[in-house]
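Architecture at a glance
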Amino acid sequence: MDMSSNVGKAPKTKQERGSNWNSEEKKKLLELVALNRRVILGKFSNDLTGEDKSKAWQDIAEQVVALGYSNRSKEQVRKKWADLLSDAKKEYSRVNSSIKATGGGPPSPKMSDTCNEVISIVGEEAFLPISNITPLGLGDSNIHE
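Brief notes about the overall build of the protein chain
For the protein chain, the helix and strand inventory stands at five helices and zero strands. Traced from its N-terminal end to its C-terminal end, the protein chain shows the element sequence α-α-α-α-α. Within the protein chain, the fraction of its 145 residues that count as buried is 23%. Intrachain contacts of the protein chain at a sequence separation of at least 6 include 60% that bridge at least 24 residues. Here the protein chain displays about 11300 Å² of accessible surface, and carbon together with sulfur accounts for 51% of that area.

Have a look at this one:
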């Protein structure tokens, strides 16, 4: 085993795990994302830059930290939003699959308040499957056999 590849490199340090988010922090995060929806979810343009988005996330992080539970960085707050969005999409899909299922069984599960809040922020269309897309070339009438 050749150890020369590690020469001059700093040893990897294990990243410390942050504290769990409590319900008040999550609620505040969702509230602030909703208030800053246009900036956070908007597409980049001359009017909306990466700097604008970064500043919005920094402001949100500062307000979450101001609750006094934990010191959260802008990156941690952004990651938590991404995780909440991902979890909401999974939950939405699971609940809708259950509703569309046939046969007996237990009643369909209900969506959580957090999932409903995320849906209200981003819009239900963000959770719907992409449909009516023709694969490249199949809808082209100029194809000759």
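What about the layout of surface pockets?
Roughly 280 Å³ of internal volume is contained in the largest pocket. Gln15, Glu16, Arg17, Gly18, Ser19, Asn20, Trp21, Arg72, Gln76, Lys79, Lys80 and Asp83 are the residues that line the largest pocket. Partitioning the lining of the largest pocket into residue classes produces one nonpolar, five polar and six charged. A volume near 150 Å³ is recorded for the second largest pocket. Lining the second largest pocket, in full, are Ser23, Lys26, Lys27, Leu30, Glu31, Asp113, Thr114 and Glu117. Secondary-structure elements contributing two or more residues to the lining of the second largest pocket are helix H1 (23-35) and helix H5 (113-122). No other element matches H1, which puts five residues into the lining of the second largest pocket. Of the residues belonging to the lining of the second largest pocket, the class tally is one nonpolar, two polar and five charged.

Each value, and the rule that gives it
- Residues numbered from 1 in each chain as written.
- Predicted model: local features only at pLDDT ≥ 70, side-chain atom pairs only at ≥ 80, totals over all residues.
- Heavy atoms only, no water.
- Helix = DSSP H or I, 4+ residues; strand = E, 2+ residues; numbered from the N terminus.
- Buried < 20%, exposed > 50% of the residue type's maximum accessible area, 1.4 Å probe, protein only.
- Contact = heavy atoms within 4.5 Å.
- Areas by Shrake-Rupley, 256 points an atom, 1.4 Å probe, with all protein chains shown as cover.
- 1 Å grid on protein atoms, 1.4 Å probe; cavity = no way out; pocket = protein on both sides within 12 Å on 5 of 7 lines; lining within 4 Å.
- Points joined across faces, edges and corners; volume = space filled by probe spheres on them.
- Nonpolar A, V, L, I, M, F, W, Y, C, P; charged D, E, K, R; others polar.

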